[in-house]
Each structure stands twice: as C-alpha cells, then as structure tokens.
Amino acid sequence: MEQVDALKSVGCEVHFFTVHGKGIKGYLRNLSALKSEIRAFCPDVVHAHYGLSGLLANLQRKVPVVTTYHGSDINEPKVLRFSKIAMRLSAWNIFVSKKTLQIAKLKQKYTLLPCGIDLCGLQLTEKKLARQYMNLSADKEYILFAGAFDNAVKNAPLAKQTVELLNCSSVEMLQLNGYSRDEVTFLMCAADVFLMTSLTEGSPQVIKEAMACGCPVVSVDVGDVKERTEGVEGCFVAQTSNPQELSDLILKALRFGGRTEGRKRIIADGLENHQVANKLMEIYQKVCQKK
C-alpha cells in the first residue's frame, strides 16, 4: 500500500487486483477474473508481487508484466519452479536482494530493487517519550524481536536462547505482534536493540524501519540485512546462528548506547518510498516502450 501511495504521488494511476486462494491451483483460479479486470481498467503494465502472482499475471499476454519476487517465492523450492516460469514470461523482473537473485540465476531482464519505506517525523521520537507512550519502564533495556514468537520462520527459540545468555534481569524482549503501525514505530524508537533471527527473509521491511528509527540492529545473516546495515555504527550481523555469538553482539549494541545513522543510510541507498517509486516508473516506461 505504501508503494502504491508513492507511485500515485509521482503520477501513476493504480488499480488493485487481489488474488483469492492458495497454492498454484488457487492462484490460477483467478485468471478469468484477472482478464475481466484488465479489460475494464486497460492498464499499460501489470505489476505482480510474488512469483505465483507473476505466473498468473503472465497467463494473459495482452499487457506486459513486471514481477517482484519478495523472498519466499525464491527461497522455497516448491514455489521457485513456478517463479522461474514467471521470470521467463515477465517483461521485467525485480529482486529485493542479491541472495534471491543469486538463487534465481537470472542473467537478463531484471533489476535489483528492495522495497522502500516511508520516512516520517514519528520515527524521530526520543526514546524517553516513546517509552512513556508505550508504558515501558525507563530503567529496563528492551530488545525488540522482529516478529511474533509463534511465527516459526522468525525463529523465536534462537532469540530466546540468545537473550537468556545475557543473564540480566533488567533486559526484556518484546515481540512485534498486535500493534498498530504507529505503535510499532514507537517501539522501535523505545527499544535498545532490534533483533532478527529469521530462518529466511527477502529484504525485510522491519530492518529498514528500525534503521529509520535509529534503533541498533543485531541479526543473523539473512536476506539483505548485511548489505543494508554494513558500515552503520551500532548495527551488527552475526556470521553464524550461534546464540552465544548473537548474545555477544547484543552486548556490543547495548554498549553502543545511542541511536544509529540508519535513517541517513536508507536515503543514501535510495530506499525511501518516493525514491523507489521513481525507479519503478522508469521500469514501467521501459517496458511500455518495448510493447
């Protein structure tokens, strides 16, 4: 939705088509409805997000398709085979991280472009004020976990082992679950460390959002986290998934003690949503010229 809002702001008219169903058969059942929507809206380009959506979108050949692959559509072998078909059929392909591109092994018709994030004043909230808003203690050190504890992909057991090794009663880990967007931002401003232990990721938005709030990041080497945080003081990426290594890095992040320059890095990397929207418009125009 944020990407669409940014696209609209740079002059793109956008219409949504949502897919109902799961798995390859569930996606393909939407073909007739998709063709009807295309006849009604008459788009210049169809931008599909996720490999199976790209495959579905390409089963019509009247309008060129741009497909963005977000991670699970490349990292999961059962889905990858269908994503590869979408890559061949798509007029252009977008990968959100170098790792997914390496797995896909595509040599042409692609752009490496992570999804952007919105930058806003709320992300600059002082830690003290953010903690007051979220009713958090001023005396504790908070580690914000990158997801819900019951989400298996986020690998909460590793995070819990890591925090237990700190052996510190003043440290508390919070999960990102059940909060509004504004509350998530306040939590990122209030936290001392943002921790990611995921088994798999593409280009995780929460890492970029935590960076925009200046929150120190500790993560396993997953998705494009290393690329996003490299050189940002106060951010650390583990070489392994060993809880002791992660625990040591959390201690380093806690000793850092301040807010990072992650926000500046987001802008320098061109990953604010309006920057990404302009790059997408260039891709759409290129695709339309080839029709």
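Note: the structure precedes this text.
These notes cover the structure that comes with them. (Residues numbered from 1 in each chain as written. Predicted model: local features only at pLDDT ≥ 70, side-chain atom pairs only at ≥ 80, totals over all residues. Heavy atoms only, no water.)

**Considering the sheet that holds strand β4 (residues 110-112)**
Pairing in this open sheet of 4 strands is parallel, and the strands run β1-β2-β3-β4 from one edge to the other. With partners counted over all chains shown, the strands left at the sheet margins are β1 (46-49) and β4, one partner each. Pairwise comparison of adjacent strand axes, ignoring direction, gives a mean angle of 20° for this sheet. Of the pairings in the sheet, the one linking β1 to strand β2 (residues 65-69) comprises 4 bridges and is parallel in character. Note that in β2 the partner of H47 across the bridge is V66. (Pairing = 2+ DSSP bridges. Helix = DSSP H or I, 4+ residues; strand = E, 2+ residues; numbered from the N terminus. Axes fitted to C-alpha atoms, helices over the stretch in contact; angles between N-to-C directions.)

**Considering the packing of helix α9 (residues 156-164) against helix α13 (residues 243-256)**
Their axes nearest at 8 Å, the elements α9 and α13 cross at an angle of 60°. It follows from the interaxial angle that α9 and α13 lie oblique. By crossing handedness, the relation of α9 to α13 is classed as right-handed. Where α9 abuts α13, its residues L158, Q161 and T162 lie against P243, L246, S247 and I250. Residue composition of the contact of α9 with α13, grouped by class: 4 nonpolar, 3 polar and no charged. (Parallel < 35°, antiparallel > 145°, perpendicular 65-115°, else oblique. Left-handed = near helix turned anticlockwise from the far one by under 90°. Contact = heavy atoms within 4.5 Å. Nonpolar A, V, L, I, M, F, W, Y, C, P; charged D, E, K, R; others polar.)

**Quick notes on the environment of H49**
Along the chain, the position of H49 falls in strand β1. Judged by its relative accessible area of 32%, H49 is partly exposed. Separated by 12 residues in the primary sequence, H49 and E37 place their C-alpha atoms 17 Å from one another. A distance of 2.9 Å separates the side chain of H49 from the side chain of H70, its partner in a polar contact. (Buried < 20%, exposed > 50% of the residue type's maximum accessible area, 1.4 Å probe, protein only. Polar contact = N/O pair within 3.5 Å; in protein donor to acceptor, adjacent residues only side chain to side chain.)

**Concerning helix α11 (residues 205-212)**
An α-helix turns once every 3.6 residues. As a result, residues three or four positions apart point the same way. Here α11 lies mainly inside the structure; 6 of its 8 residues are buried. Within α11, the full set of buried residues consists of I207, K208, E209, A210, M211 and A212. Considering only its buried residues, α11 is in contact with α10 (181-190), β7 (193-196), β8 (217-219), α12 (225-229) and α14 (262-268). Two residues or fewer past α11, G214 is found with a positive phi of approximately 75°.

**Some thoughts on the side chain of Q123**
Of note, Q123 is situated in the loop between β4 and α8 (127-133). Of note is the side chain of Q123, whose polar atom sits 2.9 Å from the backbone nitrogen of C120. For Q123, the contacting residues outside a window of four places in its chain are D118, T185, C189, A212, C213 and R263.

**Some remarks on the pattern of salt bridges**
By the definition in use, this model includes 12 salt bridges. K140 is paired through a salt bridge with E172; the nearest N and O atoms lie 2.9 Å apart. With K140 in the loop between α8 and β5 (141-145) and E172 in strand β6 (residues 171-175), this pair connects stretches of sequence that are 32 residues apart. (Salt bridge = Lys/Arg side-chain N within 4 Å of Asp/Glu carboxyl O.)

**Considering the sheet that holds strand β9 (residues 236-237)**
On the basis of which strands lie adjacent, the open sheet formed by 5 strands has the order β6-β5-β7-β8-β9 and parallel pairing. In the strand order of this sheet, the two ends are held by β6 and β9, each with one partner. Of the pairings in the sheet, the one linking β5 to β6 comprises 5 bridges and is parallel in character. Bridge pairing in β6 places Y142 opposite E172.

**Focus: α9**
Within the span of α9, buried status applies to A156, L158, A159, T162 and V163. Down the axis of α9, the buried set is contained in an arc of 160°. They therefore lie on one face. In this structure, α9 carries P157 and E164 as exposed residues pointing more than 90 degrees from its buried face. Where α9 is buried, its residues contact β5, β6, β7 and α13. (Arc of directions from axis to C-beta.)

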